Structures are given as C-alpha cells and as structure tokens.
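Structural overview for review
This is what each chain is made of:
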Amino acid sequence: MTTTLAAPDRSALGRPTIELHDVRKTYVMGTQEVHALAGVDARIDEGEYVAVIGPSGSGKSTLMNVLGCLDIPTGGQYLLDGEDVSHMNEAQLADVRNRKIGFVFQQFHLLATMSAQRNVELPLVYAGVPAHERHERSLRALERVGLVERADHRPNELSGGQQQRVAVARALVTEPAMILADEPTGNLDSSSTEDVLGLFRELHAAGRTIVLITHEHEVAEEADRILVMKDGELT
Amino acid sequence: MGFTETLWTALDAIRNHRMRSILTMLGIVIGISSVVVTVGLGQGAQDDVRKEIASLGSNLLIVSPGSSTSSTGTRGGFGSSTTLTLSDADSIADSSVVPDVKRVAPVASTSVSLVNGSTNWTSQLVGTTSAWQQVRNRTLSAGRFFTAAEVASGANVTVLGSDTVSELFSGQSPVGQTVTVDGQQLTVIGVLKSSGTSSTSSLTGSSSSSSSTGSSDDDQAVVPITTEQRISGTTSTALSTVYVEAKSSATLSAAYQEIDSLLLNLHSITSSSDADFQIATQDSLLSAANSTNKTLTVLLAGVAAISLLVGGIGVMNIMLVSVTERIKEIGLRKALGATPSAIRRQFLLEASILGLLGGMIGAALGVGIAMALPSLISQSVTVSPVALGAAVGVALGLGVGFGVYPASRAAALTPIQALRSE
Ligand SMILES: Nc1ncnc2c1ncn2[C@@H]1O[C@H](COP(=O)(O)OP(=O)(O)OP(=O)(O)O)[C@@H](O)[C@H]1O
Ligand SMILES: [Mg+2]
C-alpha cells in the first residue's frame, strides 16, 4: 500500500517544517478586540505527528488556518519550510497550499456537483497535472482510502465516514509534505473515526507531517506530541 | 490551470445550474434577436425603396406640378394642379431646346373603375405616350405596347399591370379581351411584367413620384393620353407627372438644368424659389426616403440597445448571485490551490459562454423572425451577415463586460472568509 506514497528522505527528519514566532491573530469586533492567537511560538519538525487540543474558542481553528496559509496573521513570523510566508501574495500562497499542504475539514467540504473521483482530482487540476495522469492518481488515492468502487458516486450518495475518507484522499493526492486536519472526526461515529485515524497512522508511517486538531483526548493520544491551546496561547 | 480545465469548470457550472443559466441567457437572447430584427427591418425598408426607385427607369428625371417652399410644403395638390401641361412636355421633348433629353413620357392619370363582365376593380387609368415603356424601363409579359399612331388617334387600347390582370381576369390571358371604363370599351393589347417591387407605400412620403398619385406599378391600366383625356372628360391638358429620360447618367444634371430653366421660362417665373413645378432625380428620391427610414431605424435600434443593456445587467445580476451561492466552493478551490486569477478566469469564462450562447441563440431567433416577418407584414427584412456577427460579438462583450465585476469579487475573497461563510 505504502508504495504509492514516496517516503520523504528519512535523513531529513528533525528539520523544522513549521516555525512560529510570536504569531498573533486579532479580530476587531466593533470596539472589542478578540485575540484568537495571542502570541504563539511553536516548532513542528518534518515527519512529526502533532495533536492540538483545547477548549472551544481557544483558537485551534485559527491556528490551523494560519498554518494552512488560509488566513494571514496580524503579527509575528511564520516560516514554512524555512520560507517566510507573510510576504507572499495570494497567488504564491495558493501555490504553497497546493504543493505543500493537504487539508481535511470537519465539514468535509466536498463539491456536491462532482463525483468522488472529480473531487479528489481538484488539487491536481490547480497543479496543472494533465488529465490522464490526474485520473490515475485520483483513483490510486481513492484506492488508498478503500473507496475506489465509489469513485463515480457523488458526495450525497456517500456516508459521512466515506465522505471524510474521500476528503483524506483529496488531501493526499498531491503527496504533500504536511496534512492539516481540523476536527476530522468531529462529525463521525467511532468506527469511521477509527478508519480515518488509521489512514493518518499510515500517512505518518510514510513520513508525512501531520497536525491534527481535536476535542477528544482519545484522538489526541494518536499523536507523538500533544499541544494544548488555551485563550489563544500554547501551554 | 490551463484553458481547457477552466472551460470545463465553467461548462460544468453552467450545466449544474441549468435553470439559472437559461434565465440568464434569456435576457441576451431577447436583446440580440430584437436588435437583429429591427436593424433588418430598417435595412429591408431601405432595400425596398432602392429597388422601387431603380425600377422607375434609368437616368430618370421626374417632373411634377406644384412647388415646395420651406414654410408651407407642397403647394397645390397633385392632379388638381394645372401648372404642368402637355405643351410643357412637348417643349421638353424638343431636342433643340433640351439637347440632353432622350425621351419624354407625359402622364395624366385618374382613378377609375375597370369592369370585365361582372368583375369590378378600382385602379388607376394612366394616360401617356408610346415612349412611356422605354422611359419607365418596363417589359411586357404578353402582347405589345401601344404605338405613336394609336396615341395620335386616341385608340381604345390598354396595357394592364400584372396585379390588375389577376384581379380582373383571374389567371386567364387578357390579351384580345376588353375591359369597360366609364362605358368605353378598351381592348387589352398587352400585359406589363411585374416591376418586382412590393408597393408604393414606402415612397408616399416623398413629395414627387409616380406613386404619389396613388397607383401601384403593378396595378394600373396604361392607355394613350388622348384616350385618357376623352374618358376623364377633361378638356384641360394638365399632367400629373412628366417622366424624362436623360441621354446618359453623365448628362443627367445638364438635363436637369435645361428642363428647370425651360419651364421657368415657359411659366414666366423669374425666381426659382417661386417655381410651380418640381424636378426629382432617383438620387433625390432615394435620399429623401432613406432619411425617413434612418430616423425610424435609429429609434428602433435604440430600443433594442436598451433591451440589450437590460440583458447585460441580467447577466451581471445572475453572476453575482452565482458568486454568492458558490462562495464556499470558491473558498474550497482556493484552499486547494486556485489562484485569484484562476477563479477570475472561471467566472469570466462562465459569463462569456452565457453571453456567447445567448447571442448565438438570439441571432438564430432573429433570423427566424426575419424570415417569417415578410409574409406577415409585407415588408422585407434584410439581415446582413455583418450585422449578425456584430450582434453575437456584442453579446460576447456583454458577457465579458458584465462578468468582470462578479469575477473580481469572487477572486478577491480570502479562502477562509469564503470557506466560513454560510
Ligand atoms: N472571523 C472571526 N471574527 C471574529 N472573531 C473570530 C473569527 N473567527 C474566530 N473568532 C474568534 O476567535 C476565537 C478563536 O476561534 P477558533 O475558531 O479558532 O476556536 P476553536 O478553538 O477552533 O473553537 P472550536 O473548538 O469550538 O472549534 C473565538 O473567540 C472566536 O470567537
Ligand atoms: Mg474550531
């Protein structure tokens, strides 16, 4: 199975993929300021499996959005693979997201009008991969998550657990160095949760960096390291 | 993302929201088809007039009684005016006075009732000379035209227009038969071939032509002028029109000048602004008719342009709705690596496809209407390929133009704003 994912050079282990220096994200709501991230310092190395837990509203999703270059911090420095992303424009950020990061969201975020296979293909479309190769690679990714026979089904024809597995296939189809998952099991029952966590275990074994955000301690136990978030800070 | 990918994405979006896409295109379809039809109507009317004027004859000058002054328009009604007489026509025919004139055909006409057995038909009795056929450049489909001798003797002969024949003789050959006018029996000696123009309606606005007497080129009974005078019972030699054929197109304006000064002289008028006659050329008729038509065309095209604008705003409206509806999709695409320009291209292409498709359907509909219309309103509609191409181009432009704003709005969203929205 793991042959489909070229393992990154193990000798590179220990090099930081993510470095955060005093990263802040402040939302201004009228006269009130919400410090969703109140100065976060962190370092996540290549190939690490890290879980982030914390109470609701502590800033976990905000952190993941910053890590995924979906949101721009209001202060501090974020180095991704040693590159400072705060000076990049939208087009460059889009390229970084496309090449380096695979996202798994709590709400799956699959496009309802497309088949599972077309959904998995999407990141490859923006990477400029030719059609036939896209087709092959998306089928291989679906095979990895055990859904190749559902390739032509639309999301509304799949169970929640199956939809999340399609989303995982979409996250790994570009073979990104890092997987960011924001409560990927939040909407799933225990057996689907086990399926998804199993996939993450395989990805970790293949050398991917994984950042998993969760409420649940049992889920967080999967990771090598647990970061605890509270009031916008890592403790 | 390459062009084909963007194209497929745009086509997918259009297909997945079929109803919305159809409604968007509807505005463009209506706008474009009405532009095609109105411009076609204007052009068709102009073509009709041009054909009709050309069919009058070649190198033609049309002299008619009455005057036009800037303040009161035409003074003296046609037919009732007696300022143009047979002796004027004779003088114009005199080649020593008017060297550039080739032939002259004086015309006096009255409205009469033609009877064949139990069939009755009101038409125009056109009294003229044997030169009329050449001057008016008409051919016969049967029989012959009357001769100078028959004009001199006032023979009871007539040459009928093709429409008159079909009304009176219902398809039978009329040559050798008789028609009765005011108790006088006229032998039909010939039938005019149809002039090929629809009617005189489009010329009635111009001040002087054969048609302003109310006759149609294909519905008339042409008789020797002497016969016409006898039937109408007038002793006056007043004419409704004198058709003059110049020797060539090069001498047309010379002939115009010669006739003008001759008639001023004959009528003892010193100032040409007091002239009791008018001379029209085919060119002057054409430009008079065209200017009337042009006003109408501009007006109609203006209305059509407004409907196009409304259609364009419809496209923008739907595209904005589309952006709002698909804001999550935009966010996801961005999260997966779509650049702002890829999103912009997708929405712009979607709007362009809707515009282009709407334009092509609208053009096809317009052509369809243009083909159906002449049989309904007896008015030609000329659709030029250039106008069609321009209409489709405009539709595409509308799609692009009104798609730009929604497209850039979609592109400007940050991925998380878009993903988080409900
Ligand atoms: N767009 C926004 N505008 C204003 N405030 C925001 C916005 N997004 C998040 N916040 C605030 O930032 C704080 C952190 O939000 P965040 O979504 O990161 O929490 P979380 O840890 O993911 O919570 P949960 O576990 O419930 O998902 C909250 O107080 C929230 O109200
Ligand atoms: Mg959250």
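Residues numbered from 1 in each chain as written. Chains lettered and ligands numbered in written order. Predicted model: local features only at pLDDT ≥ 70, side-chain atom pairs only at ≥ 80, totals over all residues. Heavy atoms only, no water.

By the naming in an unreviewed UniProt entry, chain B is FtsX-like permease family protein, taken from Nocardioides mangrovicus.

Attention now moves to the overall build of chain B. Check the secondary structure of chain B and you find 13 helices and twelve strands. When burial is assessed residue by residue, chain B has 50% of its 422 residues classed as buried. Here the analysis covers contacts within chain B between residues at least 6 apart in sequence; of these, 77% occur between residues at least 24 apart. Element-wise, carbon and sulfur atoms account for 60% of the exposed surface of chain B, whose accessible area totals about 18,000 Å². (Helix = DSSP H or I, 4+ residues; strand = E, 2+ residues; numbered from the N terminus. Buried < 20%, exposed > 50% of the residue type's maximum accessible area, 1.4 Å probe, protein only. Contact = heavy atoms within 4.5 Å. Areas by Shrake-Rupley, 256 points an atom, 1.4 Å probe, with all protein chains shown as cover.)

The subject of this paragraph is the sheet that holds strand β2 (residues 32–45) of chain A. Across a sheet, strands are paired by hydrogen bonds formed along the backbone, either parallel or antiparallel in direction. All names here are of chain A. With antiparallel pairing, the four strands of this open sheet are ordered in space as β2-β1-β4-β5. Two strands close off the open sheet at either side, each with one partner strand: β2 and β5 (83–84). Bridging between strand β1 (residues 16–29) and strand β4 (residues 75–80) involves five bridges; their strand directions are antiparallel. Paired with L20 across the bridge in β4 is Y78. Across the sheet, helix α1 (residues 60–67) lies against β1, β2 and β4, angled at about 125° from β1, the strand it touches most. (Pairing = 2+ DSSP bridges. Axes fitted to C-alpha atoms, helices over the stretch in contact; angles between N-to-C directions.)

This paragraph deals with unusual backbone geometry. Located in the positive-phi region is C69(A), a residue other than glycine, with phi close to 60°. Structurally, the position occupied by C69(A) is in the loop between α1 and β4.

Turning our eyes to something else, we now look at the sheet that holds strand β8 (residues 209–214) of chain A. Residue and element names in this part refer to chain A. Judged by pairing direction, the sheet is mixed, and its six strands sit side by side in the order β6-β7-β8-β3-β9-β10 without closing on themselves. Of all the strands in the sheet, just β6 (101–104) and β10 (233–234) have a single pairing partner and so form its edges. Pairing of strand β3 (residues 49–53) with strand β9 (residues 225–230), which is carried by four bridges, proceeds in the parallel orientation. Paired with A51 across the two strands is I226, which belongs to β9. Those strands touched by helix α2 (residues 90–100) are β6 and β7 (178–182), and its axis lies near 80° from that of β6. On the sheet, helix α6 (residues 190–205) packs against β3, β6, β7 and β8 and is oriented at approximately 155° with respect to β8.

The next point concerns the packing of helix α2 (residues 18–54) of chain B against helix α9 (residues 282–325) of chain B. Residues and elements named next belong to chain B. Remark: α2 packs on α9, axes separated minimally by 8 Å, with the N-to-C direction vectors making an angle of 175°. Accordingly, the angle class assigned to the pair α2 and α9 is roughly antiparallel. Looking at the contact of α2 with α9 residue by residue, the classes come out as 17 nonpolar, 14 polar and four charged. (Parallel < 35°, antiparallel > 145°, perpendicular 65-115°, else oblique. Nonpolar A, V, L, I, M, F, W, Y, C, P; charged D, E, K, R; others polar.)

So, on to the interface of chain A and chain B. Interfaces are often described in size by the accessible area the parts lose on coming together. Chain A puts 23 residues into the contact, and the matching count from chain B is 21 residues. At the junction of chain A and chain B, the tally comes to two salt bridges. Here D12(B) and R118(A) are joined by a salt bridge, their closest N and O atoms 2.9 Å apart. Connecting chain A to chain B are six residue pairs in polar contact (both at pLDDT 80 or more). Looking at the side of chain A that touches chain B, the elements with two or more residues in it are α1, α2 and α3 (116–127) of chain A. Grouping the constituent residues of the side of chain A that touches chain B by class yields eleven nonpolar, five polar and seven charged. (Salt bridge = Lys/Arg side-chain N within 4 Å of Asp/Glu carboxyl O. Polar contact = N/O pair within 3.5 Å; in protein donor to acceptor, adjacent residues only side chain to side chain.)

Residues and elements named next belong to chain B. Here A155 lies in the loop between α5 (148–153) and β7 (157–160). On the basis of relative accessibility, which here comes to 18%, the residue A155 falls in the buried class. Each residue touching A155, except ones within four places of it in the same chain, is listed here: E150, P224 and T227.

A word on the site of ligand 1. Residue and element names in this part refer to chain A. The full set close to ligand 1 counts 15 residues, and S56, G57, K60, S61 and T62 are the nearest of them. A distance of 2.7 Å is found between an oxygen atom of ligand 1 and a side-chain nitrogen or oxygen belonging to K60. Measuring from an oxygen atom of ligand 1, one finds a side-chain N or O atom of S61 at 2.7 Å. Compared with its free state, where it exposes 640 Å², ligand 1 has 68% of that area covered by protein. Those elements giving two or more residues to the shell around ligand 1 turn out to be β1, β2 and α1. A per-element tally of the shell around ligand 1 places α1 first, with three residues. Taken together, the residues that form the shell around ligand 1 break down as five nonpolar, seven polar and three charged. (Near = heavy atom within 4 Å.)

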